[in-house]
Amino acid sequence: MAKTEIKLTVNGEEVAGTVEPRTLLIHFLREQLNLTGAHIGCETSHCGACTVDLNGKSVKSCTVFAVQADGGELLTVEGLAQGGELHPLQAAFAEDHGLQCGFCTPGMLIRAQRLLRENPDPSEAEIRWGISGNLCRCTGYQNIVKAIRNAAQVMRQKEAAE
Amino acid sequence: MSETQTETQAETQTETQTATTAEREAALGGIGCDKRRKEDARFIRGQGNFVDDIKMPKMVFGDFVRSPHAHARIKSIDKEKALAVPGVIAVLTADDLRPLNLHWMPTLAGDRQAVLADEKVHFQNQEVAFVIAEDRYAASDGIQLVEVDYEELPVLIDPKKALDDDAPILREDVKDKDEVGQGPRRHPNHIFNWQSGDKDATDKAFDGAAVTVKEEMFYQRVHPSPLETCGCVASMDAVSGRLTLYGTFQAPHVVRTVVSLISGLAESNIRVVSPDVGGGFGNKVGPYPGYVCSVVGSIVLGRPVKWIESRIDNISTTAFARDYHMSCELAADKDGRITGLRANVLADHGAFNSHAQPMKWPAGFFNIVTGSYDIPTAHVTVDGVYTNKAPGGVAYRCSFRVTEAAYLIERMLDVLAQKLGIDKAEIRLRNFIKAEQFPYQSCLGWEYDSGDYTTALKQAMKAVGYEELRKEQAEKRARGELMGIGIATFTEIVGAGPSRNCDILGIKMFESCEIRVHPTGSAIARIGTKSTGQGHETTYAQIIASEIGIPSDLITVEEGDTDVGPYGLGTYGSRSTPVGAAAAARAGRKIRDKARKIAAHMLEVSESDLEWDVDRFTVKGVPDLSAAMKDIAMAAYSNLPEGLEHGLEVVDYYDPPNMTYPFGAYICVVDIDRHTGEISVRKFYALDDCGTRINPMIIEGQVHGGLTEAFAIAMGQEIVFDEIGNVLGASLLDYFLPTAVETPHWETDHTVTPSPHHPIGAKGVGESPNVGGVPAFSNAVVDAFAHLDVTHMPMPHTAWRVWQTCHDLGIDK
Ligand code: FES
Ligand code: FES
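Residues numbered from 1 in each chain as written. Chains lettered and ligands numbered in written order. Predicted model: local features only at pLDDT ≥ 70, side-chain atom pairs only at ≥ 80, totals over all residues. Heavy atoms only, no water.

Thoughts on the overall build of chain B
Logical step 1: Across its full length, chain B carries 19 helices and 35 strands.
Logical step 2: Relative to a compact globule of 813 residues, whose C-alpha radius of gyration would be 28 Å, chain B shows 28 Å and is just as compact.
Logical step 3: Structurally, chain B occupies a C-alpha span of about 100 × 75 × 50 Å along its principal axes.
Logical step 4: Burial statistics for chain B: of 813 residues in total, 65% are counted as buried.
Logical step 5: Long-range pairs, those at least 24 residues apart, make up 79% of the contacts in chain B between residues at least 6 apart in sequence.
Logical step 6: Approximately 27,800 Å² of chain B is accessible, and the part contributed by carbon and sulfur atoms is 50%.
Logical step 7: Charge separation in chain B, taken as the distance between the mean sites of 80 positive and 113 negative side-chain charges, equals 1 Å. (Helix = DSSP H or I, 4+ residues; strand = E, 2+ residues; numbered from the N terminus. Rg over C-alpha atoms; globule rule 2.2 N^0.38 Å. Buried < 20%, exposed > 50% of the residue type's maximum accessible area, 1.4 Å probe, protein only. Contact = heavy atoms within 4.5 Å. Areas by Shrake-Rupley, 256 points an atom, 1.4 Å probe, with all protein chains shown as cover. Lys, Arg positive; Asp, Glu negative; His and termini not counted. Charge placed at Lys NZ, Arg CZ, Asp CG, Glu CD.)

Here you go:
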């Protein structure tokens with residue numbers, strides 16, 4: 001099958017690759033770029049394990065073609081920590097026991113960071129709604145919600161201090 | 001010095017001693033603290049290593065051609081077009097595996113299962129051919145072009161018709177056998193008949209009973225659906241003749257044995273590795289055709305072969321759970337004291353008997369069905385049958401068939417209460433096994449280790465304000481509103497198990513732990529289980545820390561690599577804590593025994609002069625004279641008494657003397673909209689007693705997760721088939737996995753009744769919330785209709801079904 005060249009920014013770095021038109025973004029990330037943080041739980045856009053941030057929006061990368069990301073700006077879980085320092089969400093997930101098997105975690109974290117950018121002070125109901133595209137089979141969500149609330153608070157305090 | 005002064009001094013000294021002891025204890029991070037998890041560091045960075053993350057040079061990708069039919073004869077398979085697809089390397093069928101005798105594989109239940117369909121397909125989506133290609137896209141192109149010609153056969157979907165004289169015979173390969181691994185059978189579609197209890201005594205109890213109740217209940221077919229599906233990478237090194245098999249295995253050592261048995265390779269030439277596993281819940285215990293085909297592919301091609309299930313493959317082919325058609329009767333006196341129980345079950349096992357239970361237990365531990373109640377006589381029968389459905393019958397977040405049993409007895413208690421007009425909490429209090437009756441011998445043969453059910457239920461009732469809730473319910477009923485209160489006071493049986501009655505393929509269900517203490521005072525421990533999210537790297541380290549006095553932060557825990565750890569039977573049936581943690585504690589004690597000898601040598605006293613104090617041995621009566629574990633570790637390699645071997649390492653194989661019996665008291669409150677059938681869970685309170693608590697934070701997390709899975713099962717999960725065997729809804733569009741929006745808020749609580757026979761008194765908790773949660777939800781829903789003489793409603797309680805009940809009762813307008 002004919003291949004296409006794509007160029008995009010992933011976690012702040014310019015990358016290029018050659019893909020088939022049908023190559024899914026998740027496969028491009030995992031198999032060509034070796035970014036295996038985002039996972040595949042369904043390939044039908046239900047579970048959210050593959051969630052990444054594309055051009056300022058949460059997307060399920062199992063239902064985006066790699067060519068659609070051409071020229072785009074992408075953030076994955078691997079790009080969350082900055083300068084060796086964990087993102088407040090990462091720290092809160094560990095502190096509040098917001099993960100068990102860890103399979104949903106990368107997608108959950110990337111989704112949560114977008115949610116908090118859109119709404120820095122979400123209520124519990126808003127958080128639950130905001131992560132409803134991401135399934136977790138282990139935690140029952142309660143500690144994930146708690147972690148996101150706590151991270152939001154830390155982030156607001158940081159913001160205020162700056 | 002006056003007497004008073006001496007006393008004061010002594011007191012001060014004890015105080016400082018206590019303070020430092022507490023400090024040293026805190027520094028250990030041992031049993032009982034909310035230690036944050038070691039494994040999280042990699043997961044929150046996206047650095048976990050799951051099987052699909054594995055990449056190897058020259059690795060290829062395999063996937064299945066699957067049957068569209070539930071029952072059909074294969075007339076021909078044409079691979080030509082598929083093999084012409086660029087990137088497709090090979091297409092394997094049963095005929096290719098036959099010369100190797102690998103077209104069938106043994107199941108853990110003594111039956112056999114087709115690896116690739118041999119002449120016939122027995123369920124929809126059964127594996128027919130394995131296409132191996134350079135990448136997953138080419139494999140999927142190839143799959144489209146494999147042409148299979150089928151002749152459709154009559155389909156058997158309803159297990160109640162399986163034993164009819166004119167039922168189609170499904171398993172022609174075993175049709176003449178009078179048993180298929182689990183005792184005598186009476187029809188070609190019959191798998192086993194299993195009984196427990198005393199039939200005559202039970203009949204007698206019913207004959208003389210003041211009151212009897214009977215209910216038919218169907219515990220629907222569901223699927224564990226961990227977020228990560230099953231998969232593997234098989235890599236045969238043609239030069240060394242060594243096979244490495246990475247995969248989503250809850251029991252890697254057993255997989256190695258199975259692979260050896262079916263491939264003929266020596267176990268020493270097989271390395272099985274479970275990397276990080278994205279949830280198991282029973283889905284990842286048994287062997288699947290994908291593993292066998294990948295291994296064969298790798299042997300034939302000399303290249304690593306990866307196979308990863310899609311979600312639809314996962315739900316429709318590997319490891320369903322439940323599918324029990326149950327009928328139950330209780331006999332009782334006029335006060336509701338149960339005098340007898342009778343249960344008959346028809347178990348739909350699908351096309352092959354591939355359930356994963358200890359081998360002597362075709363119906364698992366279903367005879368825990370007398371639950372938390374002092375029932376003097378009971379009789380239980382379970383018949384397993386074949387149907388044209390996917391094989392399985394695994395323990396989905398429960399110990400073998402315990403959830404079916406707990407659901408049945410907890411529902412039946414409510415049915416009896418309603419018949420007699422007794423409160424549903426009261427009927428439980430009247431029938432509970434009393435605290436002073438432990439150890440308790442159940443009439444179906446189990447010895448319950450410990451429990452205090454009355455205290456647990458009373459604590460739960462108080463916490464939720466039970467009396468007020470019942471008052472509110474009465475007021476609402478008077479206004480025509482629907483409110484339900486569901487109680488479940490379940491007892492589990494976990495930790496398989498004692499070698500006298502638990503084995504898999506003849507291998508006893510022990511667990512193992514190896515500990516090596518390094519010279520500078522840190523340690524590594526290896527256990528035969530495998531965490532699939534339970535946090536073993538943290539909790540085992542906590543247990544060992546408390547036993548050997550080395551901080552848990554300095555104890556590395558490894559599991560899941562058969563080249564590295566000692567043989568163990570794996571993680572399922574909540575056995576890691578009852579069996580694995582026991583091995584860890586005992587290994588720790590063996591380390592301490594040797595450490596005591598070394599300490600005696602260091603301090604130049606006799607061993608009997610020493611006492612253990614958190615992280616050191618001190619000389620009795622001379623607390624200042626002590627040898628810390630850190631120094632003992634160095635001495636083990638540098639300064640030994642004569643006659644002692646160097647090093648500080650042990651292995652312990654633990655054969656549990658009994659199962660453990662965790663229990664709980666759950667109360668659920670629901671409000672139901674009679675116009676739409678929608679249920680809202682107002683409150684869910686879960687009190688769990690899992691004995692000694694190793695890490696309360698992790699326990700709570702386990703309870704949240706288990707309750708959420710219980711919620712899913714009770715409220716929405718069901719794998720349905722149409723009459724010709726099509727799976728209706730095997731994608732996440734149809735199969736219910738709750739999101740954060742539907743999932744209720746959980747309130748957790750606990751009592752602590754340690755297990756008397758477990759080295760640290762722990763019982764296991766991961767599955768309790770699922771076992772107790774399902775009947776709590778179901779009881780709440782039915783309770784909302786109890787005043788309208790409804791005694792049972794089938795799960796799952798979807799809005800549509802509940803509305804149907806409202807409609808039939810004429811209350812939906
Ligand atoms: S893998 Fe993309 S949503 Fe499930
Ligand atoms: S932690 Fe396992 S799926 Fe979320």
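We are not done yet, so read on.
With respect to the overall build of chain A
Logical step 1: Within chain A, the secondary structure is distributed over 5 helices and 5 strands.
Logical step 2: Going residue by residue from the N terminus, the α and β elements of chain A occur as β-β-α-β-β-β-α-α-α-α.
Logical step 3: Against the 2.2 N^0.38 benchmark of 15 Å for 162 residues, chain A shows a C-alpha radius of gyration of 16 Å, consistent with a compact globule.
Logical step 4: C-alpha atoms of chain A, sized along the principal axes, occupy 50 × 35 × 25 Å.
Logical step 5: The 162 residues of chain A split such that 59% are buried.
Logical step 6: As presented, chain A carries roughly 6,500 Å² of accessible surface, and 48% of it is formed by carbon and sulfur atoms.
Logical step 7: Across chain A, the 15 positively charged side chains and the 19 negatively charged ones have centroids separated by 6 Å.

Some points on the interface of chain B and chain A
Logical step 1: Contact with chain B, which involves 53 residues of that partner, is made by 47 residues of chain A.
Logical step 2: Here chain B and chain A share an interface that buries about 4,200 Å² over both sides, 55% of which is from carbon and sulfur atoms.
Logical step 3: When the buried surface of chain B facing chain A is broken down by residue, Ile44, Tyr137 and Leu227 of chain B rank first, second and third, together holding 20% of it.
Logical step 4: The tally of links from chain B across to chain A stands at 6 salt bridges.
Logical step 5: Arg136 of chain B is paired through a salt bridge with Glu31 of chain A; the nearest N and O atoms lie 2.4 Å apart.
Logical step 6: Linking chain B with chain A are 22 residue pairs in polar contact (both at pLDDT 80 or more), by the criterion used here.
Logical step 7: Elements with a minimum of two residues in the side of chain B that touches chain A: helix H2 (40-43), helix H5 (136-145) and helix H17 (696-715) of chain B.
Logical step 8: Sorting elements by how many residues they give to the side of chain B that touches chain A places H17 of chain B first, with 8 residues. (Buried area = accessible area lost by both parts, 1.4 Å probe. Salt bridge = Lys/Arg side-chain N within 4 Å of Asp/Glu carboxyl O. Polar contact = N/O pair within 3.5 Å; in protein donor to acceptor, adjacent residues only side chain to side chain.)

A word on the environment of Leu444 of chain B
All names here are of chain B.
Logical step 1: The residue Leu444 is located in the loop between strand E19 (440-441) and strand E20 (447-448) in this model.
Logical step 2: The exposure class assigned to Leu444 is buried, which follows from its relative accessible area of 6%.
Logical step 3: Remark: the alpha-carbon pair of Leu444 and Met509, spanning 65 residues in sequence, is separated by 22 Å.
Logical step 4: Ignoring sequence-local partners within four residues, the contact set of Leu444 consists of Ser196, Gly197, Asn367, Val369, Thr370, Ala378 and Val380.

Observations concerning the packing of aromatic side chains
The geometry of an aromatic ring pair is captured by two quantities: the separation of the ring centres and the angle between the planes.
Residue and element names in this part refer to chain B.
Logical step 1: Summed over all chains, the structure comprises 34 aromatic pairs over all chains.
Logical step 2: Judged by centre distance (4.9 Å) and plane angle (50°), the ring pair of Phe64 and Phe130 falls under tilted. Residue Phe64 is found in strand E1 (residues 60-66), and its partner Phe130 is found in strand E7 (residues 127-133); the two are separated by 66 residues along the sequence. Just as Phe64 is buried, Phe130 falls in that class too.
Logical step 3: One aromatic cluster is present, formed by Phe490, Tyr666, Phe684, Phe711, Phe736, Trp746 and Phe777 through successive ring pairs.
Logical step 4: Seen from the ring of Trp104, Arg112 lies directly overhead, with NZ or CZ sitting 3.8 Å from the centre.
Logical step 5: Of note, Arg221 hangs over the ring of Phe320, and the distance from its end group to the ring centre comes to 3.4 Å. (Phe/Tyr/Trp six-rings, centres within 6.5 Å; stacked < 30°, edge-to-face > 60°. Lys NZ or Arg CZ within 6 Å of the ring centre and 35° of its normal.)

Keep in mind these numbers describe shape, not what the thing actually does.
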